[in-house]
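# Structural overview
What follows is the residue order along each chain.
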2 protein chains.
Amino acid sequence: MSNETTNLNIKLPEPTLRRLPWYLAYLKLLKDKGEEYVSSTQISKEINVDASQIAKDLSFINISGKTRVGYEVDSLVTVLEDFLGFTSSHRAFILGAGSLGAALLHDNGLDQFGLQIIAAFDVSPAKIGTVINGIPVYDVRDLAKYSKSLDVNIGILTVPVDKAQSVADQVIESGIKAIWNFTPFRIRVPKHIVVQNTSIYAHLAVMFNRLKCNHK
Amino acid sequence: MSNETTNLNIKLPEPTLRRLPWYLAYLKLLKDKGEEYVSSTQISKEINVDASQIAKDLSFINISGKTRVGYEVDSLVTVLEDFLGFTSSHRAFILGAGSLGAALLHDNGLDQFGLQIIAAFDVSPAKIGTVINGIPVYDVRDLAKYSKSLDVNIGILTVPVDKAQSVADQVIESGIKAIWNFTPFRIRVPKHIVVQNTSIYAHLAVMFNRLKCNHK
């Protein structure tokens, strides 16, 4: 495995990108246990993905196993963490310090995955000027000022649904390049803006339906 | 639209189940604005899903629009909320009161979508006996006792990766029927157990990669 692999800016298929963190989580467990090598068959057994799929996913990032011994656990962890961006620091703002926004401000785990929340923004005078888990809450009218001076590239959208589009527009206008959309609203953005939708309430709907169908 | 539709326990395709909350979010906006009818074409324009797909998705839950006027906004909101389980109360435990677990305990929004978090469980003596956002933290060894007496059906898994499988096993043993897995670990469960994976860190990986590729 060469170091160059970690610098490749290749656009991977989304399903692959979503599986790589699963492999990483399992590999880190192996690393903690002191394991040196792992085969795709072994990963496959543990996380229920076809071994051929795993080999294909890993080949995207220029990693190949050695015959008989498999992948080197240590280097694979390093390359995956680097490739996935978890070792870099991505600066982000939270838009909307309501219930879900405040919840994310309490999740120090995001930091370990390369996301650094610098500030939150809100419209409520009761919230502006407060500090949540060490992170300041500013007036959303000052968004453009702060996003430039603080070099922030990601806006995390946790506003109410009826404000989702207008706040997304403000975020983009302020020069931010990516929006992590936690609202169930499908925002419209220009082509060059990255949008990642994470509607945890939609996941709830799937779970409720499966529960109902399993236990009727 | 008949009331019977809301009682149908039909197993919908997951993509449909994930889109229905988008429609609901938009319909609630229209309802707040006092709109009476909406066409699938209008929904389509707003949320970037084909009108034919929308009509198909809604037909799954036995809803059809009227010629010329479209869907009745009010009833569609009611039927969708009911169907998605957002108006029922689903009782849940949080397993792991660490960073992400505590974050979810702070999200009062889950309640509005039909998820009621009754208690959290942890192994840390420093956390056991505390109360986070009004919700008590118990010793994980008492899980089975509480899950029976409190009639809880959902376990929200926010433990560290190396504990994901063993805690999932405990949850299932305690009689809980569904696991909402926030860890990046692929847990293995018996067939009759519902698992919903929500790995927000995997979404981060997708967003980081797209950002890198857009702005190289």
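Whatever comes next refers back to the structure up there.
Here we summarise the structure given alongside this text. (Residues numbered from 1 in each chain as written. Chains lettered and ligands numbered in written order. Predicted model: local features only at pLDDT ≥ 70, side-chain atom pairs only at ≥ 80, totals over all residues. Heavy atoms only, no water.)

### Examining the interface of chain A and chain B
- Contacts between the two partners involve 66 residues from chain A and, on the opposite side, 66 residues from chain B.
- Where chain A meets chain B, there are two salt bridges.
- Ionic pairing is found between B:Glu46 and A:Arg188, a salt bridge with its closest N-O pair at 3.1 Å.
- Listing elements by their share of the side of chain A that touches chain B, those giving two or more residues are α1 (14–32), α2 (40–47), α4 (73–84), α5 (99–105), α6 (109–112), β8 (178–181), β9 (194–197) and α9 (200–214) of chain A.
- Here the side of chain A that touches chain B gets 15 residues from one element, more than from any other, and that element is α9(A).
- When grouped by side-chain class, the residues that make up the side of chain A that touches chain B number 37 nonpolar, 16 polar and 13 charged. (Contact = heavy atoms within 4.5 Å. Salt bridge = Lys/Arg side-chain N within 4 Å of Asp/Glu carboxyl O. Helix = DSSP H or I, 4+ residues; strand = E, 2+ residues; numbered from the N terminus. Nonpolar A, V, L, I, M, F, W, Y, C, P; charged D, E, K, R; others polar.)

### Focus: the packing of α1(A) against α2(A)
Residues and elements named next belong to chain A.
- Contact geometry for α1 and α2: axes closest at 11 Å, N-to-C directions at 105 degrees. Taken together, the axes of α1 and α2 lie roughly perpendicular to each other. Listed contacts from α2 to Trp22, Tyr23, Tyr26, Leu27 and Leu30 of α1 are Gln42, Ile43, Glu46 and Ile47.
- Of the residues assigned to the contact of α1 with α2, the class counts are seven nonpolar, one polar and one charged. (Axes fitted to C-alpha atoms, helices over the stretch in contact; angles between N-to-C directions. Parallel < 35°, antiparallel > 145°, perpendicular 65-115°, else oblique.)

### A word on the sheet that holds strand β7 (residues 154–157) of chain A
Residues and elements named next belong to chain A.
- Spatially, β5-β6-β4-β3-β7-β8-β9 is the arrangement adopted by the seven strands of the open sheet, whose pairing is mixed. One side of each edge strand has no neighbouring strand; the edge strands of this open sheet are β5 (131–132) and β9.
- Note: strand β3 (residues 90–95) against β7, four bridges, orientation parallel. Opposite alanine 92, over in β7, you have isoleucine 154 as the bridge partner.
- Where helix α8 (residues 164–173) meets the sheet, it contacts β3, β7 and β8, and its direction lies at approximately 170 degrees from that of β7. (Pairing = 2+ DSSP bridges.)

### Section: the side chain of A:Arg210
- The topology assignment puts A:Arg210 in helix α9.
- Buried A:Arg210, no salt bridge; nearest opposite-charge side chain is B:Glu14, N-O distance 4.5 Å. (Buried < 20%, exposed > 50% of the residue type's maximum accessible area, 1.4 Å probe, protein only. Lys, Arg positive; Asp, Glu negative; His and termini not counted.)

### Digging into the relation of the copies chain A and chain B
- You can overlay chain A on chain B at an RMSD of 0.0 Å; the transform is a turn of 180 degrees with a shift of 0.0 Å along its axis. In symmetry terms, the pair is related by a two-fold rotation axis. Rotation axis and chain A: the residue whose C-alpha lies nearest the axis is A:Ala103, separated from it by 2.1 Å.
- Taken as a fraction of all interface residues of chain A, those also at the interface in chain B reach 100%, which identifies the copy contact as same-surface. (Least-squares fit on C-alpha atoms with pLDDT ≥ 70 in both.)

That's the geometry; what it means functionally is another story.
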